[in-house]
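Overview (structure and organization)
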Amino acid sequence: MTGSTGPKSPSARSRHSRGWAARNARRVGVLSAAALMLSSCGWRGIANVPLPGGPGTVDGHSTIYVQMPETLGLNANSRVRVSDVFVGRVRAIELKNWVPTLTVDLNPGINLPRNVQAKIGQTSLLGAQHLELDPPADPSPKPLRNGDTIELKNSSAYPTIERTLAGISGILNGGGVPNVEKIQSEVYNILNGRADQIKEFLHRLDTFTDEINQQREDITRAIRSSDTLLKVVADRNDTLDRVLTETPPLIEHFNKTQDLFSNALLALGRLSKASDTTLSNSNANLHTNLATLQRALKQIAKTSPNLVPAMKLLFTLPFPIDNIPKVIRGDYMNISLHLDLTLSAIDNGILTGTGLSGMARALEQSWGRDPATMIPDVRFTPNPANAPGGPRIERGE
């Protein structure tokens, strides 16, 4: 049987064209659907596709949120470690209120304090990164619960290989390594031949440090006092502001009246000069007057026990001030008068010092009066200067 290679009929060509068009239409539809699905899901690479299984995907896992200053090369599905053990995964990386925020899923039973530290570390030299959760030295008694957020103050990142190499490159290329020899030479020139001076300097520095160490309590107290003073000043900001506002007009007033101040000072100088002249000329008399006044004041001081009681009688003579309410009652005055008309009393009160002193006393004794019942004769009373306890009043020097 021989095959025919002649031209195809029109009906065959038509069927072939329709089959080719249908296949192309299906391909375009599949590609369009795939593009639509990828664009609607926010495709960001295969690394961000959720993976089944692994830490943080089991039932009962907890979810926390971590705020980071920067995420570096961290991706979704990155591992989460606690004490170098993988305990979860980074489910999502989002920007919330302009702060990068990680959504982290942890296995059940992971107990961490509320102030746990979160750091981004590098898993391998090839650039893979993970999230490290480290309890601090002083862990909080409150536990980290499902839905809590680790704030920015508790998050950071370990140095990456790129940054470490960049820092080493900066030191080697532009960090002044060629100047190390020059610095060494200058240091040698400074220290060479000055060993004794440097030793003395170190000794003085040690003494100074020891003195400062001994006075650390005083320094601390001074700093605290300064802090208290600054607080007081801060509390009186309004008063200081008013003082600073009102001081310039006052200074301007003083500036305008400076002639008055000058005249007042000149007048005070003239008064001082006149006072000096007067006191210098009367210095001797002033000294004498003060010495005499000192004697009088000394005698007044000795009579002080009797001076105060005498003041009670001075303004209400002849009645003591304590008895005025008893003497004067309404329109009447009560007076109790005691008169001693014995001859001995008349002799002491009237005849003493005269030529008749003692005569009335002798007459009373001749009438049979017992001398023991009579008032003492003032002629034979002991001298007050020789009385026990010393004299009440002394003659001035």
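Residues numbered from 1 in each chain as written. Predicted model: local features only at pLDDT ≥ 70, side-chain atom pairs only at ≥ 80, totals over all residues. Heavy atoms only, no water.

1. A look at the overall build of the protein chain
Put simply, the rule is: Only DSSP runs of H or I reaching four residues or more are called helices, and only runs of E reaching two or more are called strands; each is numbered from the N terminus. The cut-offs for exposure are 20% and 50% of the maximum accessible area for each residue type, with area from a 1.4 Å probe on protein chains only; residues under the lower value are buried, those over the upper are exposed, and the others partly exposed. Contact between two residues is taken to exist if any of their heavy atoms lie within 4.5 Å; hydrogens are not considered. Using a 1.4 Å probe, accessible areas were evaluated by the Shrake-Rupley method; residue-level cover was limited to the displayed protein chains.
Along the protein chain, the regular secondary structure elements total 12 helices and 10 strands. Every one of the 397 residues in the protein chain was classed for burial, and the buried ones make up 15%. In the protein chain, once contacts between residues fewer than 6 apart in sequence are set aside, the share between residues at least 24 apart is 58%. As displayed, the protein chain offers around 31,000 Å² of accessible surface, 60% of which is attributable to carbon and sulfur atoms.

2. Considerations on the packing of aromatic side chains
Under the convention used in this document: When two rings of Phe, Tyr or Trp (its six-membered ring) have centres within 6.5 Å they constitute a pair, described as stacked for plane angles under 30 degrees, edge-to-face for angles over 60, and tilted for the intermediate range. Whether a charge lies above a ring is judged from NZ of Lys or CZ of Arg, which has to be within 6 Å of the ring centre and within 35 degrees of the ring normal.
Considering all chains together, one arrives at 1 aromatic pair under this definition. Seen from their ring centres, Phe254 and Phe261 are 5.6 Å apart, and the 90 degrees between their planes marks the pair as edge-to-face. Phe254 sits in the partly exposed class, given a relative accessible area of 40%. With a relative accessible area of 45%, Phe261 lands in the partly exposed category. Over the aromatic face of Phe86 sits the side chain of Arg79, whose NZ or CZ is 4.2 Å from the ring centroid.

3. What to know about the pattern of salt bridges
Counted only if it meets this: We define a salt bridge as a contact between a side-chain nitrogen of Lys or Arg and a carboxyl oxygen of Asp or Glu at a distance within 4 Å.
Scanning the model with the defined rule gives 13 salt bridges in all. One salt bridge in this structure joins Arg163 and Glu70, with 2.7 Å as the shortest N-O distance. Of this pair, Arg163 sits in helix 2 (residues 161-174) while Glu70 sits in the loop between strand 1 (62-67) and strand 2 (79-82), and the two are 93 residues apart along the sequence. We classify Glu70 as partly exposed; its relative accessible area is 32%. Of the charged contacts in the structure, one is a salt bridge between Glu200 and Arg204, with a shortest N-O distance of 3.1 Å. With Glu200 and Arg204 both in helix 4 (residues 195-214) and 4 residues apart, this pair spans about one turn of that helix. Several salt bridges share partner residues, and in doing so they unite Arg81, Asp84 and Glu132 into one network.

4. Comments concerning the pairing of strand 4 (residues 99-106)
Applied cut-off: Two strands qualify as a pair provided that DSSP identifies no fewer than 2 bridges between them.
Taking burial as the measure, the 8 residues of strand 4 include 7 buried ones, the bulk of the element. Sheet analysis places strand 1 next to strand 4, joined by 6 bridges and oriented antiparallel. Its bridge partner being in strand 4, Ile64 is matched across the sheet by Val104. Here strand 3 (residues 85-96) pairs with strand 4 via 8 bridges, running antiparallel. Counterpart to Lys96 in the pairing with strand 4 is Val99. Between strand 3 and strand 4, which follow one another and run antiparallel, lie 2 residues, and Asn97 among them has a positive phi close to 55 degrees.

5. Observations concerning the sheet that holds strand 4
The mixed open sheet is built from 8 strands, whose spatial order is 7-1-4-3-2-6-5-8. Here the strands that pair on one side only, and so sit at the sheet edges, are strand 7 (149-150) and strand 8 (155-157). As paired strands, strand 2 and strand 6 (residues 129-134) are joined by 2 bridges and run parallel to one another. For Arg81, the partnering residue across the bridge sits in strand 6 and is Glu132.

It is worth stressing that arrangement in space is one thing and function is another; only the former is reported here.
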